[in-house]
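# Per-entry structural report
One-letter residues, chain by chain:
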Amino acid sequence: MHRAVVLGTGSCLPRRVLTNDDLEQMVDTSDEWITSRTGIHTRRIAGDGEQNYQLASQAAEKALVSAKVSAEEIDLVAVATLTPHMMMPSCACFVQTEIGAKNAFAFDLNAACSGFLYGLDMAEKYIATKPDMKILLIGSETLSARINWQDRNTCILFGDGAGACVLTGAMETTRTTRTTEAKQRGIVASNLYSDGSLWKLLYMDSPASRNPDLLLEERNGCFMQMTGRDVFKHAVRAMEKAALDLLDLQQISIQDVSLIIPHQANIRILNKLTERLGADQEKVFINVDKYGNTSAASIPIALDEANRQNRLKQGDLVLLCSFGGGFTWGSMLIRW
Ligand code: ACO
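Here is what the cut-offs are and how they apply
- Residues numbered from 1 in each chain as written.
- Predicted model: local features only at pLDDT ≥ 70, side-chain atom pairs only at ≥ 80, totals over all residues.
- Heavy atoms only, no water.
- Domains from an automatic or database assignment.
- Contact = heavy atoms within 4.5 Å.
- Buried area = accessible area lost by both parts, 1.4 Å probe.
- Pairing = 2+ DSSP bridges.
- Helix = DSSP H or I, 4+ residues; strand = E, 2+ residues; numbered from the N terminus.
- Axes fitted to C-alpha atoms, helices over the stretch in contact; angles between N-to-C directions.
- Near = heavy atom within 4 Å.
- Polar contact = N/O pair within 3.5 Å; in protein donor to acceptor, adjacent residues only side chain to side chain.
- Nonpolar A, V, L, I, M, F, W, Y, C, P; charged D, E, K, R; others polar.
- Left-handed = near helix turned anticlockwise from the far one by under 90°.

## Here we look at the domain arrangement of the protein chain
Once the domains are mapped, the protein chain shows domain 1 (2-171) and domain 2 (180-211 + 218-335). Taking the mean C-alpha position of each, domain 1 and domain 2 sit 15 Å from one another. Taken together, the contact pairs 56 residues of domain 1 with 54 residues of domain 2. Overall, the association of domain 1 and domain 2 removes approximately 4500 Å² of surface from exposure, summing both partners, and the carbon and sulfur fraction of that is 60%.

In structure tokens:
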């Protein structure tokens, strides 16, 4: 049996740091309000030379170095994003060219904040049938271009960034027993869900436009629209159920999980989820304080930071959970 194994990770954050104090100068808010409601202190905002595909490419190059894989060896470049800088070609095609992955096919996928988790699940399915495949999966966003910076309900929450990983098939275990199979590295299992009936609680209506000739009202349709309280409740309940169902099905206790990497939406969602899963606080990876909510980039950035901080040891069980616009949500177990 072949499992999809993460060979290496990388991430890239824009240079510009936007603090809560900066936001106080832009909208009617305060550091105290933002910190207590969201746990966010700073977020990164893309500037010159930091378009979505450029952040994605830099994250990808770091992941290739970490995986000890060359760009030419990559068979597929997939980018999870809801903020491509152009509608066509895909962000993935720009990345493919930028990093020189000339033997790869490339495409984007959009499942909002769950995009990277959906991408991992897809990569696992490719690898199950073609174990030699090397897949470069990236989550990358420039949400700052899709935020109304006069809307205090949303502008405090989001940030830009990119994270990436390289996956391939694990070596086949000969004479597999139940125990060796359970300990085998790679993606163990996942469950994904969507409910389009609730789309109005979190959406962007039309493609982005940075046309300076358009008035703010004319561009309103391309900004993030959110009913925060309802999103909060759905996010907690959905991630809790997805994770507990997955653990149950795999007959794994939350105590057996070494690290939980949830989508970094805000600290109150993460704390509620931790409590409901019955998990130890120190097992939950958190960086939302530094980067805010980076949508599809949040899990791969966190995965890369956890990897570089040596918080992932070979054989560890890692639980990923996500929730985002659509609604889309799910969870995944990886044996590191
Ligand atoms: N600064 C100061 N006051 C604010 C701000 C702000 N930035 N934003 C809203 N307020 C005000 C509101 O106007 C309201 O004032 P009122 O009582 O006079 O009407 C008051 O604060 C309370 O507003 P609520 O929206 O009820 O505040 P709530 O406690 O629900 O917190 C928040 C808002 C932080 C958005 C919360 O609902 C939340 O975290 N929701 C989840 C949203 C989320 O994570 N979205 C990301 C996308 S989905 C995902 O990634 C999971």
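On we go from here.
## What to know about the sheet that holds strand β8 (residues 186-194)
Overall, mixed pairing links the 4 strands, which are arranged β8-β13-β12-β11 in an open sheet. Pairing within the sheet leaves two strands with one partner each, and these edge strands are β8 and β11 (259-262). Taking the axes of each pair of neighbouring strands and ignoring which way they run, one obtains an average angle of 10 degrees across the sheet. As judged from the 8 bridges shared by strand β12 (residues 317-324) and strand β13 (residues 328-335), these two strands associate in the antiparallel manner. Counterpart to G324 in the pairing with β13 is T328. Set on the sheet, helix α5 (residues 115-129) makes contact with β8, β12 and β13; between it and β8 the angle comes to about 125 degrees.

## Some points on the site of the ligand
Around the ligand sit 23 residues, and of these T29, R37, R229, H263 and N266 come closest. R229 places a side-chain nitrogen or oxygen 2.8 Å from an oxygen atom of the ligand. Between the ligand and N293 there is a distance of 2.8 Å, counted from an oxygen atom to a side-chain nitrogen or oxygen. Class assignment of the residues belonging to the shell around the ligand gives a composition of 11 nonpolar, 7 polar and 5 charged. For the shell around the ligand, the domains that each give at least three residues are domain 1 (2-171) and domain 2 (180-211 + 218-335).

## Side note on the packing of helix α9 (residues 228-249) against helix α10 (residues 267-277)
Following both chains from N to C, one finds α9 and α10 inclined at 35 degrees, their axes separated by 9 Å at the closest point. Read as a crossing pair, α9 and α10 show a hand that is right-handed. Across the interface between the two elements, F232, A235, V236, R237, M239, E240, A243 and L244 from α9 touch R268, I269, K272, L273, R276 and L277 from α10.

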